[in-house]
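Reading the structure
Spelled out, the chains give:
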Amino acid sequence: MIKNYFKIALRNFGRHKLFTFINIIGLSIGISSALVIYLIVHFDFTFDKFHPDSDRIYRVVTEFSFSGEVGYNGGVTSPLSGVVQNEVSGVERSAPFYTFETNVFIPQNTGTPKKFKNQENIILADGRYFNLFSYKWLAGSAKTALDAPYQVVLTSDQAKIYFPSTSYNQMLGKTVIYDSIKTTVTGIVQTIQENTDLYFHNFISYSTGASNKQLKEDMGLTEWGSTTSASQLFVKLNKNVATANVEKQLNELLKKHHPPKPEDKGSTTVFHLQQLDDLHFNQLYHNFDNGRTASKTTLYGLLIIGMFLLVLGCINFVNLTTAQASQRAKEIGIRKTMGSTRGQLILQFLSETFLVTLFAVIIAILAAPFILKLFADFIPAGVKVDYMHQANLIFFLIGLTLVVSFLSGFYPSLVLSGYKPVQVLKNQANSGTNKTRNAVLRKSLTVIQFVIAQFFIMATVLVSKQIHYALHKDLGFKKEAILNVTIPFKSINTDKKQVFMNIINTIPQIEMISTGGPAPSSSSTNSTEVKYKDGKKEIRTDVQQKFADENYIKIYKIKLLAGRNLQTSDSAKAILINETYARVLGFKNPTAAVGHMLDYNDKKKEIVGVVGDFYQGSLHSPIKSLAILIPDYNNYKYNGRVFHLALKPQTAGGNEWKKAISSIEKAWKQVYPDDDFDYHFFDENIAKFYKSEQQTSTLLTWATGLSIFISCLGLLGLAMYTTNLRTKEIGVRKVLGASVTQIVTLLSTELIMLIVLAFALVTPLSWYAMNKWMQNFADRTTISWWIFVLSGAGMLLAALCTLSFQTVKAAITNPVKSLRSE
């Protein structure tokens, strides 16, 4: 019986090739989208789920409140790790570690060690780390491998890089040198194959930190008042322990060992527990330095898009199948007369739907690898499709096939199997209530299709408008033709910096050079509390800091509204502030602020000038109070690392900038031969602020194109059905004198009205959703009326073009042929 069902289905497909093609293409697009989106979502939501009791593992993080400004840090004060296990109840296990990067040297028999520059993913840890997280040991023992100072455990992949022709057991006892720290390999663990944010591959014993003077100073093992993101602490709670209770104990512990001082008034430090699986998603506390932070909002958005595209494909199937119902009415009547039950007919039609869905799934399976390559810049690097080794993927495809088959085929099968034999054989199958009910359903589903398609169009236009606004807005500074080069940290206070400066000063393509901290707009922030007494009260303000020399505002064309620029001799006494900070201090006129004194880190500094406001970050954040000052290298040695290089204008088709970069690189290799040369164009860094929005725009553009394509495919199918159904009517009207325009209007009006109705429904929904999304920006473009008009007109034009293929063809057909065909 099942064999006969499929045989009949294939014959039916052969008789209606075009409708079958439309159904398969529509479903295959929806299923392909669903498959790729499933791979992405499953990838991101499975990070670090494989650790035993992962739901009870938390990272201790720190929240700072300072003069009304809130800051977040994924690390903790280092001494906390030494007392948490014994002084906090409810903690089953704890594991501290410290992250850093350095050069790695592997001794060779030739005498010259092999060097690996700027190695990351190195941590100081001990046995507690391996007791908390799941690793497979290939050599050595978790109990003793990191017991003593100057021991190191390597992952299998990293071990093969350091010692390529050595077995794991033979690696034990080998020497690995981290800059000046000499360690002995005491263990090898299997590199984690599952999705994880714990991608560390060098584990130096934690006790090495206390034994090495430089490391001990960097780690701040006894400094309760210092917090760094490099100092991490993970805990595993006992079963049924409330996180709020543990957080309360942690904060009491901080007050006990580091009681607040009078000068700390207005600032607080609070510990929180962050669940292990939240590391991959939390934008506040961030992941580790090289870790990718995913967005749950983006993932949920992807799921919605995938669902919409799938629904569009199902709607096409339902519409076209119910529209064709009359053509199979006699077949159904004869089958019922011959004894077929309604259940058998439903099963037959569901099997046909299943076969169409199966063809669509096969297309999706073949297309998925190509889609992943096409969207390689958007899709996370670890996402892959492997049907042989991903059992969850097979189960997903089976479930998706069954669900889509049921959703697409259940209602049409009820309609088709519900025909009564007597009415069918009298050609009354499509009369009365059934015809009206089916038409209403088709119209409703068509409206839903175009609501979805127009929503995507409107969202795409607005996101593109906001990105254009952000990239072309006057941010308060020049961003073109400026190169940023950061010199090595260890070379800040050496003669090398001046040597490098002298060499690049001779490069003819460089117009001006400035040294200091980060560029005006940067993801790196640095702030401090500054006090000002206006005679009546003390004004305390959290002020962003930019360290720069006298060329800084010249290179970036920052407007000087009042006073003078900084001078080299100003490092101990002068400061520039921005217009926003001047207003906070109570000065309506920038000139009035010049000459007043600020209490800046217990030092008196004079406001010598006021600069125009500029954005210190992306447009997501408002302009904040800002101070620009010459670095005091005794206290702020890290603030002289960045070279800001203004390039001379490039001739059309010229390569002056390329030559300049080549000359800078040559100078770099001469001065810093052991460090990699890296540079960034400032305007490209600005564009990176909106990478997420640009990816969203790309995603919406594809979703819009696919939704329009699927909707128009369905519209074409309905137009073909309508014209075929009204062939005789069209012929009679033409004989009676109807023009081509009148015929086209007659055939198109009903469907066009459905699109207009969809526009009326989607406009308020789109406005609400867009307005909510725009709240993410402190400075944003307007939601213009033309966005909706353009979207509606675009959809209408696409629909008219689609309909014209069939309606014009029907309108120009010779009426003799039309009347003869029936």
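Structure: see above.
Residues numbered from 1 in each chain as written. Predicted model: local features only at pLDDT ≥ 70, side-chain atom pairs only at ≥ 80, totals over all residues. Heavy atoms only, no water.

**Some words on the overall build of the chain**
Convention followed: What counts as a helix is a DSSP run of H or I of at least four residues, what counts as a strand is a run of E of at least two, and both are numbered from the N terminus. Think of it in three bands: with a 1.4 Å probe and only protein chains considered, a residue is buried below 20% of the maximum accessible area for its type, exposed above 50%, and partly exposed in between. Residue contacts are defined here by distance: any two heavy atoms, one from each residue, within 4.5 Å place the two residues in contact. Exposure was quantified through the Shrake-Rupley algorithm and a 1.4 Å probe, taking into account, for residues, occlusion by the shown protein chains and nothing else.
Assigned secondary structure in the chain consists of 26 helices and 22 strands. If one aligns the C-alpha atoms of the chain with their principal axes, the spans along those axes are about 100 × 70 × 55 Å. Scored against the burial criterion, the 822 residues of the chain give a buried share of 49%. Look at the contacts in the chain between residues 6 or more apart in sequence, and 79% of them connect residues 24 or more apart. Summed over its atoms, the accessible surface of the chain is roughly 39200 Å², and 57% of this surface lies on carbon and sulfur atoms.

**Focus: a nonpolar patch on the surface**
Using the following cut-off: Like-charged residues are merged into a patch within 9 Å and nonpolar side chains (Val, Leu, Ile, Met, Phe, Trp, Tyr) within 5 Å, provided each residue has over 30% relative accessible area and no salt bridge. By definition here, a salt bridge exists when the distance from a side-chain nitrogen of Lys or Arg to a carboxyl oxygen of Asp or Glu is within 4 Å.
The grouping of L10, L358, F359, I362 and L366 at the surface amounts to a nonpolar patch, some 430 Å² of accessible area in total. The biggest single contributor to the nonpolar patch is helix α12 (residues 342-374), with four residues. Among the secondary structure elements, L366 is positioned in helix α12.

**Concerning the sheet that holds strand β12 (residues 482-486)**
Going by this rule: Note on pairing: two strands pair once DSSP finds at least 2 bridges between them. Lines fitted to C-alpha atoms define the axes here, with helix axes fitted over just the stretch in contact, and angles between the N-to-C directions of these axes take values from 0 to 180 degrees.
The strand order β13-β21-β12-β22 describes an open sheet built from four strands, whose pairing is antiparallel. Strands with a single pairing partner mark the edges of an open sheet, and in this sheet they are β13 (510-516) and β22 (679-681). Averaged over all pairs of adjacent strands, the angle between their axes in this sheet comes to 20°, without regard to strand direction. Of the pairings in the sheet, the one linking β13 to strand β21 (residues 642-647) comprises six bridges and is antiparallel in character. The partner of G516 across the bridge, within β21, is V642. Along the sheet, helix α20 (residues 656-671) contacts β12, β13, β21 and β22; its crossing angle with β12, the most-contacted strand, is approximately 15°.

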